[in-house]
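Report on the structure
The residues making up each chain are set out below.
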Amino acid sequence: MTTERLRVAVLGAGPGGYPAAFLAAERGFDVTLIDPRANPGGVCLYIGCIPSKALLHAAGVIREAEHASAFGIEFGAPTIDLDGLRGWKDGVVEKLTGGLGTLARARKVRMVHGLGRFVDAHTIRVERDGELAEVTFDFAIVATGSSPAMPAALRLDSDRVWDSTAALELREVPGTLLIVGGGYIGLEMATLYAALGSKVTVVEATGTLLAGADADLVRVLAKSLEGRLEAVLLETSVTALREHAGGGVEVDLAGVEEQTTRTFDRVLVAVGRRPNSADLGLEHTSVTTNERGFIRVDHQRRTDEPSIFAIGDVAGEPMLAHKATHEARVAVEVIAGEPAAWEPAAIPAVVYTDPEIAWCGLTEQEARARGIEVEVTRFPWTASGRALTLGRTDGSTKILVEPGTERVLGVGIVGPGAGELIAEGVLAVEMGARLDDLRMSIHPHPSLTETIMEAAEVFFNTSPHYIARRR
Ligand code: NAD
C-alpha cells in the first residue's frame, strides 16, 4: 500500500487531534477527524485555554487601571457588563474554532461529528443522536483529552457548584466564591473572579500552591494574591458540600488544626483532571492504560496496539495543549515511516495568574528530587529598567545551570509577561545553550527580555545593574 492511500482516523479534535489531522492531510493521507463539536478546537479552544485567557486579559485590564493610580491616573471603579464580556469571550472562541473548520475543509479533512468508540483495532463506531457511522482506518490517533476530576466528597448536583467549564461560562459574579484546589485552574480563576469583584477564598489540600512550580516563584505570586483574595487556606481539605437553605453552599473544611463549616455563594472545584480513556472501547483493542487511566505509549506515541497511537492529555502528563500539539507531529511522522521520537528537553509551563509564573526544563525542586547538582543565577526585576517603567518590579528571572559547563538546564520566571518570556528559555534549553550564549546575545533595551540576559550576566558578576551576593 502506498502511504498516500493510508487512512488515518483521529479521535478528538483538540490541540492534539486537529494538528494531527491537519499534518496527516498535508502528507496526503485520507484523514477522518471525529469529534462531537461542530468545529475543531476541543476543550482548549471551546472551554479551556482560550476563553480563560480572554477573560484573564480583561481581568488584567481591570488591575492595570487600578495600578494606574500609582502614577497619577484615576479611572475609578469599573462598570462590568457581564453580557458584553461574555459575548466578547464567546466571539474569540467562535472566530478561532470557525477558522479551524475552514482550514479542515481546505485540507480535505473529513469531519465526523459524534462520540467514537473502538469496535476493533481498525474500526471506530461513531454515535450521534442515536445514529451510527463506522470509520475504518489503517492507523488511528487517540486524542480524547481529559475532564475535570470531581471526587465523591465534592460532588453535589447543584448549579451553585462549578467546574472550570461552568466558571468560564461567566453566568454571574458571586459575592463570595470558594475555590477548591490551588493549582493552575484554581489560581487562574481566583485571579479572574477577584478582579471582577468576588471575595475569593482558595483551599489547597497540600502545604503549597502550584505544586509543580519552584517555591521562590510561587512566593511572589502568593504575596501578590494576599491583597486580592479573602484567604488562601493551605493544608485544608473540603470534606463535604451541601446546598444551604438560605442560598449558597455550606462547606465543611478540615484544616490541620480545626474543622469549620462556612457558607459561600458559589464553589468552584478545580482539583485536577482525569484522562478520557474509560469509554473508548479500548477493551476491543490491545491498547492498555496505567493505574491513573492514561493510555500507555512508547517514545513514538505508539500504544500496545500497532495500528493505534495516543497523544495529549489522554496519553499522560503534563496535560498541556502545546505538549499535545508536539506529540501530534511525532505520531504523524512515525505513521509516515519517519524516525521521529518524543524527546523534548523543555516543555514550558505557564500559569496565567497576575503575576504570571512560567518555567521550562529542569526546576530546582526537580533537581533536588533527582539529585542533580545545579547552580542557580537570578536577576530580580527591581533592577530592571523596563519593569520600573511598567510599575511592575514584582518579578524575578532565574536560570539553572550545569556546573562546569554552564549549560542552561532550566529557566523559571515570575512576573507579568512571564508566559511570553519563557520561550527564550525553551530555545536555550533545547539548543543546549550555555550562559555565554544568553549574555552575548544582544537583547532589546528596555525590555523584560533583558532579565534573561542579565541573569546570565549575574553569574559572571558582569551585570551592570545588579551585584550578586554570591560568587
Ligand atoms: P492541578 O493539578 O494544577 O491542581 C489541583 C490542586 O488541587 C492540587 O494542588 C491538589 O493538591 C489540590 N487538591 C486536590 N484535591 C483537593 C481537595 N479535596 N481539597 C483541596 N485541594 C485539593 O489541577 P487543575 O488546576 O484542576 O488543572 C488541571 C490541569 O489542567 C493541570 O494539570 C494543567 O495541566 C491543566 N491546565 C493548564 C493551564 C495552563 O497551562 N495555564 C491552565 C489550566 C489548566
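Within each chain, residues carry numbers counting from 1 in the order of the written sequence. Local features in this predicted model are restricted to residues whose pLDDT is 70 or higher, and side-chain atom pairs enter the listing and the counts only when it is 80 or higher, whereas totals over whole chains, interfaces and linings include all residues. Hydrogens and water molecules were not included; the side-chain quantities draw on all heavy atoms of the structure.

Turning our eyes to something else, we now look at the state of the cysteines. Any two cysteine sulfur atoms lying within 2.5 Å of each other are counted as a disulfide. One pass over the structure, following the stated rule, counts 1 disulfide. The disulfide partner of Cys-44 is Cys-49, and the gap between their sulfur atoms is 2.3 Å. Every disulfide takes its handedness from the sign of the S-S torsion; for Cys-44 and Cys-49 that torsion is -130 degrees, giving left-handed. Cys-360 carries a free sulfur, and the closest cysteine sulfur to it, the one in Cys-49, is 19 Å from it.

Taking 1.5 Å per residue as the helical rise, helix 4 (residues 82-106) with its 25 residues ought to reach 36 Å, and the 36 Å between its terminal C-alpha atoms agrees with that figure. When accessible area is computed with a 1.4 Å probe and restricted to protein chains, residues below 20% of their type maximum are described as buried, those above 50% as exposed, and intermediate ones as partly exposed. Strands here are runs of E lasting at least two residues and helices are runs of H or I lasting at least four, both read from the DSSP assignment and numbered beginning at the N terminus. Leu-82, Leu-85, Lys-89, Val-93, Thr-97, Leu-100, Gly-101 and Ala-104 are the residues of helix 4 that are buried. For helix 4, the secondary structure elements touched by its buried residues are helix 1 (17-26), helix 2 (42-47), helix 3 (49-67), helix 5 (164-169) and helix 6 (184-196). Two residues or fewer past helix 4, Lys-108 is found with a positive phi of approximately 60 degrees. Here, expected helix span is obtained from the residue count minus one, scaled by 1.5 Å. Contact between two residues is taken to exist if any of their heavy atoms lie within 4.5 Å; hydrogens are not considered.

Moving on: the pattern of salt bridges. Put simply, a salt bridge is a Lys or Arg side-chain nitrogen that is within 4 Å of an Asp or Glu carboxyl oxygen. With the rule as written, the count across this model stands at 32 salt bridges. Taking the shortest distance from any N to any O, the salt bridge between Arg-7 and Asp-138 comes out at 3.2 Å. Of the two residues, Arg-7 is situated in strand 1 (residues 7-11) and Asp-138 in the loop between strand 6 (131-136) and strand 7 (139-142); the sequence distance between them amounts to 131 residues. One continuous salt-bridge network, built from bridges that share partners, spans Asp-214, Asp-216, Glu-364, Arg-378 and Lys-398.

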